[in-house]
Amino acid sequence: MILQNLVFPKIGICTEEKLYFRVKRGICNYDYEQNRLILLANASVQFDTYFNSILADRWKKYTVIKNIKIRIAGEGQGVLNVYRYSSYNGKELISSKAITLNTQGETYPVVETEDQIYGIIYYEFNAISDSYIMEGEFCTDTEKVNDVSLGIVITTFKREAYIKRNMKSLSQYLFDKIDDTCLHIFIIDNAQTLGESSSERISVIPNKNYGGAGGYGRGMLENYRLGKYSHVVLCDDDATYEPEAFLRLFNLLSLAKNKELCVGGSMLKLDAPVFMHESGARYSRLEISPNKTMLKLTEFASLARFNIEEYASYHGWWFFCFPITCVEKLGLPLPIFFQIDDMEYSLRLRDHNYQTTDLNGICVWHESFQRKSSTATNYYWARNKMINSFWHEPYLNALSCIKWFDKYLIESLFLYRYDKAHMMLKGLDDVFKGPEFLMNLNPETNHQKLLREQIDKPHDIDKSLINLKLYNRPVRKNKLKKAAMIITFNGMLLPKFLRHKGMVLEPLDNYRTTATFRQESILYVDIERMSGFIVKRSQKEFWRLLLAMVKADLKILTKFSVTRKNFQNSFPKMTSVDFWENYVGNKK
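Because the structure is a prediction, the values reported are computed rather than measured. Chains are numbered independently. Their residues run from 1 in the order of the written sequence. Two thresholds apply to this predicted model, a pLDDT of at least 70 for residue-level local features and 80 or more for giving and counting side-chain atom pairs, whereas whole-chain, interface and lining totals are computed over all residues. Working from all heavy atoms in the structure, the side-chain values ignore hydrogens and water.

Peer 1: Even after reading the chapter, I still don't get the packing of aromatic side chains, so can you show me in this structure?
Peer 2: Here the distance between the centres and the angle between the planes together describe a pair of aromatic rings. Here the aromatic set is Phe, Tyr and Trp, taking the six-membered ring for Trp, and pairing holds for ring centres within 6.5 Å; pairs whose planes are under 30 degrees apart are stacked, those over 60 apart are edge-to-face, and all others are tilted. Inspection of every chain in the model, using the stated rule, returns 40 aromatic pairs. Between Tyr50 and Phe51, the ring centres sit 5.0 Å apart and the planes meet at 75°, which makes this aromatic pair edge-to-face. For the pair shown, Tyr50 and Phe51 are each scored as buried. Ring plane angle 45° and centroid distance 5.1 Å describe the contact between Phe246 and Phe319, whose orientation is recorded as tilted. One end of the pair, Phe246, is in helix α4 (residues 244-254); the other, Phe319, is in strand β22 (residues 319-323), with 73 residues separating them in the sequence. Here the two residues Phe246 and Phe319 agree in accessibility, since each one is buried. It is Lys10 that lies over the ring of Tyr173; its NZ or CZ is 5.3 Å from the centre. The ring of Tyr524 is capped by Arg417, whose NZ or CZ atom sits 5.5 Å from the centre of that ring. The cut-offs for exposure are 20% and 50% of the maximum accessible area for each residue type, with area from a 1.4 Å probe on protein chains only; residues under the lower value are buried, those over the upper are exposed, and the others partly exposed. Note on conventions: DSSP H or I runs of at least 4 residues are helices, E runs of at least 2 residues are strands, and numbering of each starts at the N terminus. Sitting over a ring, as applied to charges here, requires NZ of Lys or CZ of Arg to be within 6 Å of the ring centre and within 35 degrees of the ring normal.

Structure (structure tokens):
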């Protein structure tokens, strides 16, 4: 049985070749037309890479495999060297064999006993003659122990170009690898603009625009009703998928010791494809800390770092797989439109002792969330984090929540992001309207209202405003400045003659309060897209919102316990199948 395929770069997906192979010497090039790796005589290529190494420790821990083999196909003569890297012995050669490649492929043993399945295993091919490699795989004699079928759920809203691109790549590289009874794609069309699918393997389901939570909840509900697929895979519509991710996932689950194993996909950066943004994250006391962030995956040291499993409270729904039995046991997502829905459901899985892992090659490339988010996002961020804490962090008290909320609201005021602070206050206010308000809220109408209310909207910026000397400039950090910032409310109490005139430029996702100290105006800008918005210092808005924060704190103090109890009592109802059938207007 195949464990993982040899993966090559693909135009339209990723062409960062060092994610796939590493040329050690000589002339070696990938032919994108013939889909083969060409080596001239005496060239050497090594597959100690993110996509093509096998993390033997993971496969041994989570599956029943008893051995590992390599199959490789192509033409030419050479020497196949197999290496293992481990923390015990470092890099070691575990086999070396002169081989003659053929297009049908030959299989060679790598490790033949279970006790030798450990470390990171990879191979290199040293060409004796002009050669090419067309395909390969790590495989095993162990037969599958689980019947696996994947219902892939993709929620979308007016992103036809992304959907068409991803469906084209999956049709080209995936559909012929997994039987149609074992894989189906459900596109939840929140905009209701896609029309019917021309493929029998893809279903387009019109849905109300109830956000990502509404779309994924609908997709989970459809899979639960059908009862045909053992697992649900939730994916973002605007991510770029490596089709091998689904194959690797399918093979892992087919051999899994635990039939209810959950798998989280890593997120790589679309604008810097060799860097990892996150592979799972920790959540504690309302704060998030991503795992494996900014690993440079073209470096073997980063792969070794990735091989070390970290505890993850949750995995994002850009790629997340779990058994459909979860719907029966845990219910469906909270009806919270978007933001924190994936984290909350993962925490529910943790509470019920579901096992979760990640694996190299199971990943997507995704655009920065800062580029996608609007100021209105902060409404959901504040509201949904608080609601999530009611269920999953019962040890938090009102003062803990006040401390967390005030920290980020004051930061927004210091950054002149008054619109952001307004949205946070609005989100918190809706929390204390209770669970009935949330369950009866029309999320589409509410979201459109928020979008109309927001003021800080990125728009095209005239290049005359761009002065790179003032962009993300270095700023002093010392005790004296910090004291001055605190005493003067980040310069809000300073007289005009002590403030800087003009405007400075900061990245759109900036949180440097030291950079706004004594400034009159800030241009927050996405420098690559030349879009952003200008904010200005306003004493009136500062004090108005600071007073509103104090009132919000009083509301937390007086209503926290009752509101938390009401939400805790309502969670089973708002995550139930019956509620969701009514919520999405599709009760049968």
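We are not done yet, so read on.
Peer 1: Honestly, the pattern of salt bridges in this entry has me stumped. Any pointers?
Peer 2: Pairing of side chains with opposite charge becomes possible as their charged atoms draw close. By salt bridge we mean one thing: a side-chain nitrogen of Lys or Arg within 4 Å of a carboxyl oxygen of Asp or Glu. Under the defined criterion, the tally for this structure stands at 31 salt bridges. Asp238 is the salt-bridge partner of Arg159, the closest N and O atoms lying 3.5 Å from each other. Separated by 79 residues along the polypeptide, Arg159 in the loop between β12 (150-156) and α2 (160-173) and Asp238 in the loop between β15 (231-236) and β16 (240-241) bring together distant segments of the chain. Judged by relative accessible area, which is 3%, Asp238 ranks as buried. A salt bridge links Arg529 to Glu367, with the nearest nitrogen and oxygen atoms 2.0 Å apart. Of this pair, Arg529 sits in the loop between β27 (521-526) and β28 (531-536) while Glu367 is found in the loop between β24 (363-366) and α8 (369-372), placing the two residues 162 residues apart along the sequence. With a relative accessible area of 44%, Arg529 lands in the partly exposed category. Judged by relative accessible area, Glu367 falls into the buried class, the value being 13%.

Peer 1: Looking at this model, I keep getting lost on the sheet that holds β27. Mind explaining?
Peer 2: Backbone hydrogen bonds hold the strands of a sheet together, and the pairing may be parallel or antiparallel. The rule for pairing is simple: two strands pair if DSSP sees at least two bridges between them. Overall, mixed pairing links the four strands, which are arranged β25-β28-β27-β26 in an open sheet. Two strands bound the open sheet, and with one partner strand each, they are β25 (459-460) and β26 (503-507). Two elements, β25 and β28, share two bridges in a ladder whose sense is antiparallel. Its bridge partner lying in β28, Asp460 is registered against Ser531.

Peer 1: Got a minute to help me understand helix α14 (residues 479-487) in this structure?
Peer 2: In an α-helix, one turn spans 3.6 residues; hence positions three or four apart end up facing the same way. N or O atoms within 3.5 Å of each other form a polar contact, as long as, within protein, one can give a hydrogen and the other can take it, and as long as residues adjacent in sequence are counted only when both atoms are side-chain atoms. Measuring from the backbone nitrogen of Leu480 back to the side-chain oxygen at the start of α14 gives 3.2 Å, which picks out Asn478 as the cap. A positive backbone phi angle near 55° is found at Phe489, which sits one or two residues after α14.

Peer 1: I tried to follow the environment of Met220 on my own but got confused; where do I start?
Peer 2: Within the secondary structure, Met220 sits in helix α3 (residues 211-226). What makes Met220 buried here is its relative accessible area of 0%. Any pair of residues with heavy atoms lying within 4.5 Å of one another is described as a contacting pair. Sequence-distant contacts of Met220, defined by excluding residues within four places in its chain, comprise Val232, Leu234, Phe322, Ile324, Val327, Gly331, Leu332, Pro333 and Tyr345.

Peer 1: How should the sheet that holds strand β19 (residues 272-278) be read in this particular structure?
Peer 2: Strand order in the open sheet made by the four strands is β16-β24-β18-β19, with mixed pairing throughout. This sheet does not close on itself; its edge strands, each paired only once, are β16 and β19. Bridging between strand β18 (residues 266-269) and β19 involves three bridges; their strand directions are antiparallel. Bridged to Leu268 within β19 is Met276.

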